[in-house]
Structures are given as C-alpha cells and as structure tokens.
Amino acid sequence: EKGIDLTIVQDYKLAKDNELRFEVEPNERVKLDLVDGSAEIFGTELVRSRSYIFESGAKIAVFTWFGCSVKLTGKLEACYVSKDTPMVIYLNTHAAVEQLRKTAEQEDIRGPRILVVGAQDVGKSTVCRLLLNYAVRLGRKTTLVDIDVGQGGVAIPGTVGALTVERPADPVDGFDLKVPLVYNFGHTSPNGNIKLYETLISRLADVFNAKCDFNSQIKYSGCIINTCGWIKGQGYQCILHTAQSFEADVVLVLDSERLYNDLKRDLPDFVNVILQPKSPGVVERPRESRRDARDERVKEYFYGPRKIYFPHVFDIKFSDVNIFKIGAPALPDSCLPLGMEQENTQTKLVPVIPGRDLTHHILSLSMAESLEENVVETNVAGFVVVTHVDTDRQVFSVLSPAPRPLPRNYFLIMDIRFIDIH
Ligand code: ADP
C-alpha cells in the first residue's frame, strides 16, 4: 500500500446499471475495495477478497448490473457516479455475437469476426476488452487481434499481433500477455509504412485462419480486431483492407456516423455494419499523454507492471548479429528497372550498419533462423532497447527481458525509441 494516501477514503453506493468513474492522479496510487454486491471493471468481475491498486494515470470505470458498495482510498483526479453508460447496448452486442458463435458450433463453420473501428479515444480498446471478457466468461476462446500500432495492445507500440484470450483480463494489469503472436511494424502510425502495415494485416489473417483450421474452439469463438483511430484517407483504406483480409462479419463503428455510412457503402452487404455510441466516460488523451502511455507500455515490457522485474543488461558484438530495417527509400520511377513496382521497396529488408545512431532504438528479435525465410513476415520473439553503442569495441549494450544468449540473431530496427530512465 506504498504511495497511497490512506487519509482520503471515499465510500460509494452504486445503484444497478451505474458506474463509478475515476482517474488516478500523476504520481499517486489508489486502492479500490468491493464492499458489497457485485461489480466489474471493463467486463472482469471484481472479488471481495482482493484490494485493487491502480497506478498513476489509470482511468477506470466500475460498473454494476445489480448494485454494489465500493471503497476508494487515495488521491483522485476526477471521481463521479454516472447512470449514462452504453453498457446495455454493449451487452446486447455481446449476446448477438454469442448467438453467432453458437450457430458456428452447431454448423461447424467459422465464428464471428468483429472489427471495432472509430476515431481516437472513443473506447475501442475498452469495448474489445469488454467483449473478450464476456466471451471468456462463457468459456469461449476468442482471439484478440490488435493492429493499433499507436498503443500496441498485445506487445509494445509499433507492433501488430494476436492473442487468444483464455481467461478474463486482470482488472489492474489487463490480459495475460505471455504468449501473443507479434509482428514488427516499427512505427506508431500506419502511415509510417502503409504497404508493410497491410502486408502484416494479411499475414495475421492467414495465421489466424490456419489456427482456426487446427482448433475448432478457436474457430467457433471468432476474433475481435482492435484498430487504430486513423479513419480518414489511407487510414480508411486500411480499415477496408482489414475487413477484407479477415472477412469480417461484423463491423462495430463507435461514435462516427460518417464512418458508418462510408463503410455501409463500401463493404459487401453480408457484412453487418453497426453504429454504437461511445461511453461518455471515455477520457480523451492529448498527444503528450498518448506518447507518455506509449513510453509507459515499453517500460512495462522491460520492467513488468509496477517494476516487478529487472531487465538484463549486456553487450552484443556487431559481428554476432544482423540488423535490418524494413523499407528502402523510394527511387524515382525513372530509376526503377523495367516492370518493377515502386511499392516493393516498402517491404524490402535493408541491412543496417551498426553505429551510434542505433542508440535508444528498439530492436525486434525475429524468430527467423535464416534469411531464406520471409523475415519481414516472421513473428518476433521479443524486443531489446539499445542503451549504448561502442564503435571502438564494436559492441552495443542492450536492455533485454531475456538473458544472454538470445535465441536468434536477426534484429529489425524500429523507428521507435525508448530512453531508459527508471
Ligand atoms: P481507444 O481505444 O478508442 O483509443 P480506449 O478504450 O483506450 O480508447 O479508452 C481511452 C481511455 O478511457 C482509457 O484510458 C480507458 O481506460 C478510459 N475509459 C474507457 N471507458 C471508460 C469509462 N466508461 N469510464 C472511465 N474511463 C473509461
């Protein structure tokens, strides 16, 4: 209970269908206890035997279907009870989707594939978490596909990935991220490399399809795809590409009527496009706070939640590894060999000569064992961050969650940097 201001205690009694929303102030911690009744956080039921401790910056809603009493201890930025939530609508969505899973099971066909879209900060990730939690509470094994490279839901920012959810998210720490399938993208927005982004989405869809062929429970349970908030121009094209690649059955549009109408027009009739409200509780994050959240996510990758782990620190010899960047600078069309398309360069593997400018960059360790494999479309084992480069000794130092020796030696460099101040 370190860091919690124990002198500030607030009791709340919530009537049915109400939610308590709060935000933890920077550098503070807050403890939540369920005193009576039943309540959930983004679809995970709370238990009375545990105190939930939320860290600085957490934005939480405690919702109750039947009424409850809770106690909050610590300093809060904003805290209020609201009756105005779309939870009944979301629950109905869950029920409809669950019906599709039942049908899939009876007829031995694929379960529902749901694409969640909308602008930034409309609660897309939260709706995904809610639907996944409700599904797993019924024993489903639904797969979360996260292509929001700005936040990196299943790994770190700059990645896309998938995770089959086999138990509810922890109210504090979220889903168990021990075994996700992750691909290196390298940028925090799809427009860092659209061609690569779409290639990786197609790849994820192929891998998910293969998994469905192999495991019928995963096939019937379907998937939920979390997207990023870029919904205009090429961002919109990426949404269409994702719907197509995954053959989405349902597209859940949060809050944007314009996007809803565009998708209804552009997607085939058998796709069920539905418009739903966002929760008034969703907190809009300014640009800096989104960047802080990204940093926080990378830090958590290396140090664990609440810094419960210590990363390893060691040197890697330049000569022991190969570092690549994905995408070569585009050449003027006149310089291209006849018949070669410009966009091929965007998914090309380009060797990087290690030097000082590697410092602070995040490197993804590819699972590829040889360059005969398609390294760009091979999943990654994990990440290191370069903390120092010594060109005299021809080594660079890294922070790594895994000890030496690393299992592979092909690295992909990200555009994303992380400065380790802990
Ligand atoms: P998006 O994925 O659309 O960017 P998120 O789902 O990440 O949006 O939500 C933005 C923030 O709002 C998150 O920090 C989340 O915890 C918070 N949030 C979501 N729903 C609620 C709610 N009902 N009450 C309070 N905070 C919420």
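Residues numbered from 1 in each chain as written. Predicted model: local features only at pLDDT ≥ 70, side-chain atom pairs only at ≥ 80, totals over all residues.

## Digging into the overall build of the protein
Turning to step 1, where the next piece is worked out: Counting its regular elements, the protein contains seven helices and 23 strands.
Turning to step 2, where the next piece is worked out: Rg of the C-alpha trace for the protein: 23 Å, near the compact-globule value of 22 Å for 422 residues, within the 12% margin.
Turning to step 3, where the next piece is worked out: If one aligns the C-alpha atoms of the protein with their principal axes, the spans along those axes are about 65 × 55 × 35 Å.
Turning to step 4, where the next piece is worked out: Across the 422 residues in the protein, those meeting the buried criterion constitute 41%.
Turning to step 5, where the next piece is worked out: Across the protein, every contact between residues at least 6 apart in sequence was considered, and the portion connecting residues at least 24 apart equals 73%. (Helix = DSSP H or I, 4+ residues; strand = E, 2+ residues; numbered from the N terminus. Rg over C-alpha atoms; globule rule 2.2 N^0.38 Å. Buried ≥ 20, exposed ≤ 12 C-beta atoms within 10 Å, placed from the backbone. Contact = placed C-beta atoms within 7 Å.)

## Quick notes on the sheet that holds strand β1 (residues 9-14)
Turning to step 1, where the next piece is worked out: Pairing in this open sheet of four strands is antiparallel, and the strands run β1-β8-β3-β6 from one edge to the other. A strand with exactly one partner marks an edge of an open sheet, and here the two such strands are β1 and β6 (51-54). Across the sheet, the mean angle separating the axes of adjacent strands is 25° when strand polarity is ignored. (Pairing = 2+ DSSP bridges. Axes fitted to C-alpha atoms, helices over the stretch in contact; angles between N-to-C directions.)

## Regarding the sheet that holds strand β13 (residues 181-184)
Turning to step 1, where the next piece is worked out: The sheet built from seven strands is open, its strands ordered β13-β12-β11-β14-β10-β15-β16 with mixed pairing. Two strands in the sheet have a free side with no partner beyond their single neighbour: β13 and β16 (272-276). Between one strand axis and the next, the sheet turns by 15° as a mean value, whatever way the strands run.
Turning to step 2, where the next piece is worked out: In terms of strand pairing, strand β10 (residues 113-117) meets strand β15 (residues 250-254) through four bridges, oriented parallel. The residue bridging I114 from the neighbouring strand is V250, located in β15.
Turning to step 3, where the next piece is worked out: Sheet contacts for helix α2 (residues 124-137): β10, β11 (143-146), β14 (223-226) and β15; angle to β14, the most-contacted strand, approximately 165°.
Turning to step 4, where the next piece is worked out: On the sheet, helix α3 (residues 194-214) packs against β11, β12 (159-164), β13 and β14 and is oriented at approximately 15° with respect to β12.

## Looking at the environment of I362
Turning to step 1, where the next piece is worked out: Note on placement: I362 falls in strand β20 (residues 361-366).
Turning to step 2, where the next piece is worked out: Here I362 falls in the buried class, since 27 other C-beta atoms lie within 10 Å of it.
Turning to step 3, where the next piece is worked out: Residues I362 and R29, spaced 333 residues apart in sequence, show a C-alpha to C-alpha distance of 29 Å.
Turning to step 4, where the next piece is worked out: If we ignore the near neighbours within four places in the chain, the residues touching I362 are V298, F383, V385, M414, I416, R417 and F418.

## Notes on the site of the ligand
Turning to step 1, where the next piece is worked out: Close to the ligand lie 15 residues; A61, K124, S125, T126 and G281 are nearest.
Turning to step 2, where the next piece is worked out: Of all the secondary structure elements, the ones that give two or more residues to the shell around the ligand are β7 (59-64) and α2.
Turning to step 3, where the next piece is worked out: It is α2 that provides the largest number of residues to the shell around the ligand, a total of three residues. (Near = placed C-beta within 6 Å.)

## Some details on α3
Within an α-helix, residues lying three or four positions from one another point in the same direction, as the helix has 3.6 residues per turn.
Turning to step 1, where the next piece is worked out: Given a rise of 1.5 Å per residue, 21 residues ought to cover 30 Å, and the 30 Å separating the end C-alpha atoms of α3 matches this to within 8%.
Turning to step 2, where the next piece is worked out: Within the sequence span of α3, burial applies to L196, Y197, E198, T199, L200, I201, L204, A205, F208 and C212. (Expected span 1.5 Å × (residues − 1).)

## Some points on the packing of helix α1 (residues 87-107) against α2
The angle between the axes and the distance between the axes are what describe a pair of packed helices.
Turning to step 1, where the next piece is worked out: Relative orientation of the contacting elements α1 and α2 amounts to 50°, with a least axis distance of 10 Å. Regarding the angle of α1 to α2, the classification is oblique. The chirality of how α1 crosses α2 is right-handed. Contact with α1, carried on its side by Y90, H94 and V97, involves V127, L130, L131 and Y134 of α2 and no other residues of that element.
Turning to step 2, where the next piece is worked out: Partitioned by chemical class, the residues of the contact of α1 with α2 number six nonpolar, one polar and no charged. (Parallel < 35°, antiparallel > 145°, perpendicular 65-115°, else oblique. Left-handed = near helix turned anticlockwise from the far one by under 90°. Nonpolar A, V, L, I, M, F, W, Y, C, P; charged D, E, K, R; others polar.)

## Quick word on the pairing of β13
Turning to step 1, where the next piece is worked out: Alternating residues of β13 divide into L181 and Y183 and V182 and N184, and every residue in both groups is buried.
Turning to step 2, where the next piece is worked out: Both β12 and β13 contribute to a ladder of four bridges, which runs antiparallel. Its bridge partner being in β13, G161 is matched across the sheet by V182.

## As for the UniProt feature "domain: Clp1 N-terminal" (unreviewed entry) in the protein
Turning to step 1, where the next piece is worked out: With numbering aligned to this structure, UniProt lists the feature "domain: Clp1 N-terminal" (unreviewed entry) at residues 13-104.
Turning to step 2, where the next piece is worked out: Secondary structure within residues 13-104 divides into 20% helix and 48% strand; the distance between the first and last C-alpha atoms comes to 41 Å. (UniProt positions renumbered as here; feature names shortened; annotations may be inferred.)

## Overview of the packing of α3 against helix α5 (residues 233-246)
Turning to step 1, where the next piece is worked out: Relative orientation of the contacting elements α3 and α5 amounts to 20°, with a least axis distance of 9 Å. Relative to α5, the element α3 is oriented roughly parallel. Both α3 and α5 take part in a crossing whose hand is right-handed. Residues I194, Y197, E198, I201, S202 and A205 of α3 form the contact with α5, whose own contacting residues are Q234, C238, H241, T242, S245 and F246.
Turning to step 2, where the next piece is worked out: The residue inventory of the contact of α3 with α5, partitioned by class, reads six nonpolar, five polar and one charged.

## Quick word on helix α7 (residues 287-303)
Turning to step 1, where the next piece is worked out: For α7, spanning 17 residues, the distance from its first C-alpha to its last is 24 Å, which sits close to the expected 24 Å at 1.5 Å a residue.
Turning to step 2, where the next piece is worked out: Residues V298, Y301 and F302 constitute the buried set of α7. End-on view of α7: buried residues confined to an arc of 100°, all on one side of the axis.
Turning to step 3, where the next piece is worked out: Where the residues of α7 are buried, they touch β20, β21 (380-390) and β22 (395-400).
Turning to step 4, where the next piece is worked out: Where α7 terminates, the next one or two residues include G304, which has phi positive at roughly 75°. (Arc of directions from axis to C-beta.)

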